[in-house]
Amino acid sequence: MFVACGTSYHAALAARQTVEEMVDIPVVLELASDLLDRHCPIFRDDTCVFVSQSGETADTLRALEYAKARGALCVGITNTVGSAISRATHCGIHQNAGYEIGVASTKAYTSQIICITMMALALAEDSISKRERRDEIIDELGALPEKMKGFLKKQDVSMKQLAHQLKDCNSLLFFARGNNYATALEAALKCKEVALIHSEGILAGEMKHGPLALVDEHLPIVVVATRDSMYKKMESVIQQLLARSARLIILCTEGDTNMKQYAARNDCQLIEVPGTVEALQPVLNIVPLQLLSYHITVLRGHNVDQPRNLAKSVTVTD
């Protein structure tokens, strides 16, 4: 069981599939506040992983005390050495991502995904059947920094141009599936937090169950369609949205000729990112969307580091 709030919850969501794949154990995600509200049953043979950038998040800390009192093994993932969660858990991981100044979490999110992925790799170390997949992910972890550096500067310029087109929008939708559902949720959260734009991250499989009614030629929609196991399904989503004259921005893998054809025929815009293994693709996919929310915020005249009504560490509960 992974327990977290906000961005940390999205990081756990992004890495859940990897943990299930590598360990062959079902993984449950819980929002800390909801777990406490429901008095969720927790047993002695459960393992609860508490994810928090600050290590002081009040709801997560209360959920930790709740689980600990019921005899569960409590594991912490935090970016702050000596924090309350790192002291109260039985064991854990320090992210070592460096001090994060702004209220809206960025590098803590990507490093949390990597930490949870590495935890899954460690748990699968003795599995012969998982060895090939494990080695593939490890190799891509090593290549990740160079891939990130390679496209970061280029994306900064293109995201600034896109931000000029979106800065006056009142709403923004993000569609994705699989691991990248977390990317959609996190990108929407960043636009809410700092750009102060109403935005929603939507699981593309639920599109026909209501969200499709919102689609028209005015509402900007970002679709995450990188080359992974969800690619064909996301291509179908793109076709359905274009059939309804949607204003599309497609986040795709570099050199994807299919997506370039959609852009050429339908005046869509593309955000291209490097490809990697499916487990790590959300780490690369979120970066241009973080940059987009940053540039929209600056153009709208808001404070990027200190959004209104928010604090870096949520230390009170309702």
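Only a predicted model underlies this, so the values are computations on that prediction, with no experimental measurement involved. (Residues numbered from 1 in each chain as written. Predicted model: local features only at pLDDT ≥ 70, side-chain atom pairs only at ≥ 80, totals over all residues. Heavy atoms only, no water.)

Caption draft 1: Fine view of the pattern of salt bridges. Enumeration over the complete set of coordinates arrives at 14 salt bridges. For the salt bridge of Glu21 with Arg133, the shortest nitrogen-to-oxygen distance reads 2.8 Å. Taken as a pair, Glu21 in helix H1 (residues 6-23) and Arg133 in helix H6 (residues 131-166) lie far apart in primary sequence, 112 residues in all. With its nearest N and O atoms 2.7 Å apart, the salt bridge here joins Arg38 to Glu30. Several salt bridges converge on common partners, so that one network encompasses Glu21, Arg133 and Glu136. (Salt bridge = Lys/Arg side-chain N within 4 Å of Asp/Glu carboxyl O. Helix = DSSP H or I, 4+ residues; strand = E, 2+ residues; numbered from the N terminus.)

Caption draft 2: Region of interest: the sheet that holds strand S10 (residues 269-273). The strand order across the open sheet formed by five strands is S7-S6-S8-S9-S10, and the pairing between neighbours is parallel. For this open sheet the edge positions go to strand S7 (198-203) and S10, each flanked by a neighbour on one side alone. If you compare each strand with its neighbour and ignore which way they point, the axes differ by 20° on average. Strands strand S9 (247-253) and S10 of the sheet are contacted by helix H9 (residues 257-266), whose axis makes an angle of about 160° with S10. Where helix H10 (residues 281-299) meets the sheet, its contacts fall on strand S6 (171-176), strand S8 (220-224), S9 and S10, and the angle it forms with S10 comes to roughly 135°. (Pairing = 2+ DSSP bridges. Axes fitted to C-alpha atoms, helices over the stretch in contact; angles between N-to-C directions. Contact = heavy atoms within 4.5 Å.)

Caption draft 3: The arrangement of the packing of aromatic side chains in detail. The tally for this structure, following the rule as stated, stands at zero aromatic pairs. Positioned over the ring face of Tyr66 is Arg70, at 3.7 Å from the centre of the ring. Lying over the aromatic face of Tyr231, Arg227 brings its terminal NZ or CZ to 4.0 Å of the ring centre. (Phe/Tyr/Trp six-rings, centres within 6.5 Å; stacked < 30°, edge-to-face > 60°. Lys NZ or Arg CZ within 6 Å of the ring centre and 35° of its normal.)

Caption draft 4: Just the pairing of S7, in detail. The pairing of S6 with S7 spans six bridges and is classified as parallel. Looking at the pairing, Leu172 lines up with Ser199 of S7. On the question of chirality, the crossover connecting S6 to the parallel S7 by way of helix H7 (residues 181-195) is right-handed. (Right-handed = clockwise from strand over helix to strand, strands pointing away.)

Caption draft 5: Quick peek at H10. With 19 residues, H10 should reach 27 Å at 1.5 Å per residue; the first-to-last C-alpha distance of 29 Å fits that figure. Burial of H10 is extensive: 16 of the 19 residues sit out of reach of the surface. (Expected span 1.5 Å × (residues − 1). Buried < 20%, exposed > 50% of the residue type's maximum accessible area, 1.4 Å probe, protein only.)

Caption draft 6: Fine view of the side chain of Ser52. Residue position: Ser52 is located in strand S3 (residues 47-52). The class for Ser52 is buried, based on a relative accessible area of 1%. Looking at Ser52, its side chain comes within polar contact range of the side chain of Thr57, at 2.9 Å. The residues contacting Ser52, other than those within four sequence positions of it, are Ser8, Thr57, Ile77, Thr78, Asn79, Ile85, Gln95 and Gln112. (Polar contact = N/O pair within 3.5 Å; in protein donor to acceptor, adjacent residues only side chain to side chain.)

Caption draft 7: View of the state of the cysteines. Within this structure, the stated rule accounts for zero disulfides. Of the cysteine sulfurs around Cys48, a residue in no disulfide, the closest is that of Cys74, at 5.6 Å. When its relative accessible area of 1% is taken as the criterion, Cys48 is described as buried. (Disulfide = S-S within 2.5 Å.)

Caption draft 8: Quick peek at unusual backbone geometry. Even without being a glycine, Asn96 presents a positive backbone phi close to 55°. Residue placement: Asn96 occurs in the loop between strand S5 (91-94) and helix H5 (107-123). Given a relative accessible area of 66%, Asn96 falls into the exposed group. One non-glycine residue, Ser245, lies in positive phi territory at about 60°.

None of this, on its own, says anything about what the molecule does.
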